[in-house]
Amino acid sequence: NSISSTLIKENDIASLFSHIVTSPQDEVKKWVEFSSNFVLSDGEQHALLGNLNQHLSQMSVLLAGFKPSAADIIVFATVHVFMCHLSDSELQKYPNILRWMDYIQNVVDFGMTLQKINLTKSIFNPPAPAPS
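Residues numbered from 1 in each chain as written. Predicted model: local features only at pLDDT ≥ 70, side-chain atom pairs only at ≥ 80, totals over all residues. Heavy atoms only, no water.

Identification of the chain as GST C-terminal domain-containing protein from Aegilops tauschii subsp. strangulata is taken from an unreviewed UniProt entry.

## A closer look at a nonpolar patch on the surface
Judged by side-chain polarity, Phe66, Tyr103 and Val107 come together as a nonpolar surface patch covering roughly 310 Å² of accessible area. With relative accessibility at 63%, the residue phenylalanine 66 sits in the exposed group. (Patch = residues over 30% accessible without salt bridge, like charges linked within 9 Å, V, L, I, M, F, W, Y side chains within 5 Å. Areas by Shrake-Rupley, 256 points an atom, 1.4 Å probe, with all protein chains shown as cover. Salt bridge = Lys/Arg side-chain N within 4 Å of Asp/Glu carboxyl O. Buried < 20%, exposed > 50% of the residue type's maximum accessible area, 1.4 Å probe, protein only.)

## A look at the packing of helix 2 (residues 26-40) against helix 4 (residues 70-84)
Interhelical geometry of helix 2 versus helix 4 gives an angle of 15° and a closest axis separation of 9 Å. Compared by their axis directions, helix 2 and helix 4 come out roughly parallel. The chirality of how helix 2 crosses helix 4 is left-handed. Listed contacts from helix 4 to Val28, Trp31, Val32, Phe34, Ser35, Phe38 and Val39 of helix 2 are Ala71, Ile74, Val75, Thr78, Val79 and Phe82. Each residue belonging to the contact of helix 2 with helix 4 can be placed in one class, and the counts come to 11 nonpolar, two polar and no charged. (Axes fitted to C-alpha atoms, helices over the stretch in contact; angles between N-to-C directions. Helix = DSSP H or I, 4+ residues; strand = E, 2+ residues; numbered from the N terminus. Parallel < 35°, antiparallel > 145°, perpendicular 65-115°, else oblique. Left-handed = near helix turned anticlockwise from the far one by under 90°. Contact = heavy atoms within 4.5 Å. Nonpolar A, V, L, I, M, F, W, Y, C, P; charged D, E, K, R; others polar.)

## Some words on the side chain of asparagine 53
Inspection of the secondary structure assignment puts asparagine 53 in helix 3 (residues 45-56). Residue classification places asparagine 53 among the buried positions, given a relative accessible area of 11%. Within the local environment of asparagine 53, its side chain forms a polar contact with the backbone nitrogen of asparagine 96, the two atoms lying 2.9 Å apart. Residues contacting asparagine 53, with those up to four places away along its chain left out, are Lys93, Tyr94, Pro95, Asn96 and Ile97. (Polar contact = N/O pair within 3.5 Å; in protein donor to acceptor, adjacent residues only side chain to side chain.)

## Overview of the environment of glutamate 90
Summarising the element assignment, glutamate 90 is placed in helix 5 (residues 88-91). Remark: the alpha-carbon pair of glutamate 90 and histidine 46, spanning 44 residues in sequence, is separated by 9.5 Å. Here serine 87 takes part through its backbone nitrogen, which lies 3.1 Å from a polar atom of the side chain of glutamate 90.

Below is the structure:
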């Protein structure tokens, strides 16, 4: 089953991903609601991304642990198109989202449904050892 690239209409987020969300987990439902609000919030996406970026500042994935959940897949698919259209300077406002998106797109197989986002990764230069 692939997700079509057509525009998602108003109340479709919950129904589109209802086959993924099989248990009544409140946390997953919270992120389904986030996705619905993101699609419906004309002009408010940056504020919602700011909230998501803050949440991810202390998390590797949306729910506890390190393994992507249904919530990660739902939110990733929802914000993906918006993030692809941001300029490099706008993307830099969301470093935690970029880190998370890079992780998700390299762990979850989206097939040909979603294009990979090419991210410029920071080069780690460890400090030189102190002279003895």
